[in-house]
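A look at the structure
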Amino acid sequence: MNNVYAYLLNKKVSLKENTLWYTMGTMCSSATSFLLMIYVTRILGVDEAGVFSISYSVGQLMLSIGWFGTRQFQVSDINEEFKFSDYLSLKLFMTIIMMVGCLIYSVFLHFNTYKMLVTFLYCLFLICDVFADLFSARFQQVDKLFLSGMSYIIRILGYNLVILFSLLCFKNLIVAIVLAMIYSALELTFFDLQLIKRISQIKIEFHMDKIIQLIKNCFPLFISSFLTTFIVNVPKNAIELNFDSSVQTYYNIIFMPSYIINLFCMFIFVPLYTSIANTWLNSTKDKFINTVVKLMIFDVLLSLVVFAGCYFLGIPLLELVYGVDLHSVKSSFLVLIVAGCFTSMNSILSYIFTVIRRQKFMIYIYVVAMVLAQVMVKTLTLNYGIFGASLDYLIGIASITVMFMLGLVLVLRKD
């Protein structure tokens, strides 16, 4: 195996190959939420799928705590102001908070024992994603992004198969999650970690001055990610507190494509992150603005293509895949697709604010949007059901985009 690790680390790859591997890996990641819902809905039924849906939603919120927004900062840390061990120590600390947060949030949503256990185990499983993100950022930092793609493919395809066959064999969601967790941990141990050990010094050292600095630098990124996910969860929370699990399933089925849109856009744009940072640091402001404008135009065009495809094919495909009637929620589906397009633009703008080191500005934007979504959700959901929940999500996400664009114009003019 040592020869394999040496070969991978010494392999010279072009930007195109780096992007291709990462794209394939992220495609696997993008498809996972979609596939898991299919497995659970088809094999265990609509009610059990509702349990998984809300557990998945809580898990994604807790995952934003585990990630803590370090990916974007770490990738843009070209001069390596912080060592790999600093990022690792912070991640260990955040995973503890992540699991405590999972329990608190489950109590807030009045979960029964079974639902709380599924949620807790799923969050434990997502700890693997926390460290996968750390390793992936390090690979990209040293221009080995293709290794991230390889790891994603091996790990994500693998645990998808584990979950599928576990559900078919045992018809038990808890068993499936535990077995997937074991597989994911083994892949990280014998692939990612072995490569990281050869390019970085791995030490678990809690240098509090460095950790505090990292927290200060990444907190705006974390809070923006956390609040974005919280805004995603606001309608789901309202459904959980006011309707039965089957309604949660229907909402999550039509929500999944909007989530995938953002991930799909990210595997196009993430490989460009380092080059965007270099443009800001080493080129003129006009060239940087030109790059940003091109990114925005491309994202808008891509969003229009996606919306057109979803308008004509979205509902029939979802019905075919999940085996449920969704014609009554088509308008809600299209509202969520528009929200997904706005979310992809917010992800790009978030990174741009990171590059120009204006992360603190993002906190105010996300707080305003979160409050707006939270204030309106109960009225919209109780009066209009799934459509009201979808509309609440769109309002929160679109308000972020508007404030981002205005803020970026003001910052660049001032600088």
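This structure is a prediction, so every number in the text was calculated from the model and none was measured. (Residues numbered from 1 in each chain as written. Predicted model: local features only at pLDDT ≥ 70, side-chain atom pairs only at ≥ 80, totals over all residues. Heavy atoms only, no water.)

Let's talk about the packing of aromatic side chains
Given two aromatic rings, their pairing is described by the distance between the two centres and the angle made by the two planes. Under the defined criterion, the tally for this structure stands at 21 aromatic pairs. When the ring of Phe219 is compared with that of Phe222, the centres are 5.8 Å apart and the planes differ by 55°; the resulting orientation is tilted. One end of the pair is Phe219 and the other is Phe222, both in helix α9 (residues 208-242) and 3 residues apart, which spans about a single turn. Judged by relative accessible area, Phe219 falls into the partly exposed class, the value being 34%. Phe222 gets classed as buried once you look at its relative accessible area, which sits at 10%. (Phe/Tyr/Trp six-rings, centres within 6.5 Å; stacked < 30°, edge-to-face > 60°. Helix = DSSP H or I, 4+ residues; strand = E, 2+ residues; numbered from the N terminus. Buried < 20%, exposed > 50% of the residue type's maximum accessible area, 1.4 Å probe, protein only.)

Remarks on the pattern of salt bridges
All told, the structure shown has 6 salt bridges when counted by the stated rule. Residue Lys91 is joined to Asp133 by a salt bridge in which the shortest nitrogen-to-oxygen separation is 3.7 Å. Here Asp133 lies in helix α6 (residues 113-141) and Lys91 lies in helix α5 (residues 84-108), a separation of 42 residues in the sequence. Residues Lys91 and Asp133 agree in their burial class; the two are buried. A salt bridge links Arg155 to Asp129; its shortest N-O distance comes to 2.8 Å. Here Arg155 is found in helix α7 (residues 145-170), whereas its partner Asp129 is found in helix α6, with 26 residues between them in sequence. Side by side, Arg155 and Asp129 carry an identical accessibility label, which is buried. What you see here is one network of salt bridges that share partners, running through Arg71, Lys91 and Asp133. (Salt bridge = Lys/Arg side-chain N within 4 Å of Asp/Glu carboxyl O.)

Brief notes about the state of the cysteines
One pass over the full model with this rule turns up 0 disulfides. The structure places no disulfide on Cys310, whose sulfur is separated from the nearest cysteine sulfur, that of Cys341, by 7.6 Å. Classification of Cys310 by relative accessible area gives buried; the value is 14%. (Disulfide = S-S within 2.5 Å.)

Notes on the packing of α7 against helix α8 (residues 173-199)
Where α7 meets α8, the closest approach of the two axes is 8 Å, and the angle between their N-to-C directions is 160°. Comparing the axis directions of α7 and α8 gives the class roughly antiparallel. Taken as a pair, α7 and α8 cross one another with a handedness that is right-handed. Contacts between α7 and α8 involve Leu147, Met150, Ser151, Ile154, Arg155, Gly158, Tyr159, Val162, Ile163, Ser166, Leu167 and Phe170 from the former and Leu173, Val175, Ala176, Leu179, Ala180, Tyr183, Ser184, Glu187, Leu188, Phe191, Asp192 and Leu195 from the latter. (Axes fitted to C-alpha atoms, helices over the stretch in contact; angles between N-to-C directions. Parallel < 35°, antiparallel > 145°, perpendicular 65-115°, else oblique. Left-handed = near helix turned anticlockwise from the far one by under 90°. Contact = heavy atoms within 4.5 Å.)

Structural notes on the packing of helix α1 (residues 2-10) against α8
At a minimum axis distance of 10 Å, the contact between α1 and α8 shows a crossing angle of 65°. The orientation of α1 relative to α8 falls into the category roughly perpendicular. Note that α1 runs across α8; the crossing there is right-handed. Along its contact with α1, which presents Asn2, Tyr5, Leu8 and Leu9, the element α8 presents Phe190, Phe191, Gln194, Leu195, Arg198 and Ile199. Split by residue class, the contact of α1 with α8 holds 7 nonpolar, 2 polar and 1 charged. (Nonpolar A, V, L, I, M, F, W, Y, C, P; charged D, E, K, R; others polar.)

Section: the environment of Asn217
Within the element layout of this structure, Asn217 appears in helix α9. Counting along the chain gives 113 residues from Asn217 to Ile104, while the straight-line C-alpha distance between them is 26 Å. For Asn217, the residues in contact, after removing those within four places along its chain, are Phe73, Phe82 and Gln359.

With respect to the environment of Leu8
When you line up the elements, Leu8 lands in helix α1. In this structure, the C-alpha to C-alpha distance between Leu8 and Leu167, residues 159 residues apart in sequence, is 35 Å. Residues in contact with Leu8, not counting those within four places in the same chain, are Phe146, Leu147, Met150, Phe191 and Leu195.

Description of a nonpolar patch on the surface
A cluster of nonpolar residues, Phe93, Ile97, Ile204, Phe206, Met208 and Ile212, forms a patch on the protein surface that exposes about 580 Å² of accessible area. Secondary structure elements with two or more residues in the nonpolar patch: α5 and α9. Relative to the elements of secondary structure, Met208 occurs in helix α9. (Patch = residues over 30% accessible without salt bridge, like charges linked within 9 Å, V, L, I, M, F, W, Y side chains within 5 Å. Areas by Shrake-Rupley, 256 points an atom, 1.4 Å probe, with all protein chains shown as cover.)

Describing the side chain of Ser332
Inspection of the secondary structure puts Ser332 in helix α13 (residues 330-355). With a relative accessible area of 2%, Ser332 lands in the buried category. Here Ser332 is in contact with Ile254, Ile386, Phe387 and Ser390, once residues within four sequence places are set aside.

Notes on α13
Its 26 residues give α13 an end-to-end C-alpha distance of 38 Å, which sits within 8% of 38 Å, the value for a rise of 1.5 Å per residue. At the exit of α13 stands Arg357, carrying a positive phi of roughly 55°. (Expected span 1.5 Å × (residues − 1).)

A look at helix α12 (residues 285-322)
Taking 1.5 Å as the rise per residue, α12 with 38 residues should run 56 Å; its terminal C-alpha atoms sit only 49 Å apart, a clear shortfall. The axis of α12 is deflected most strongly, by about 55°, at Leu313, and proline Pro316 appears within four residues downstream. Gly323 occupies a position one or two residues after α12 and carries a positive phi of about 75°. (Bend = angle between axes of the 7 residues up to and from the residue.)

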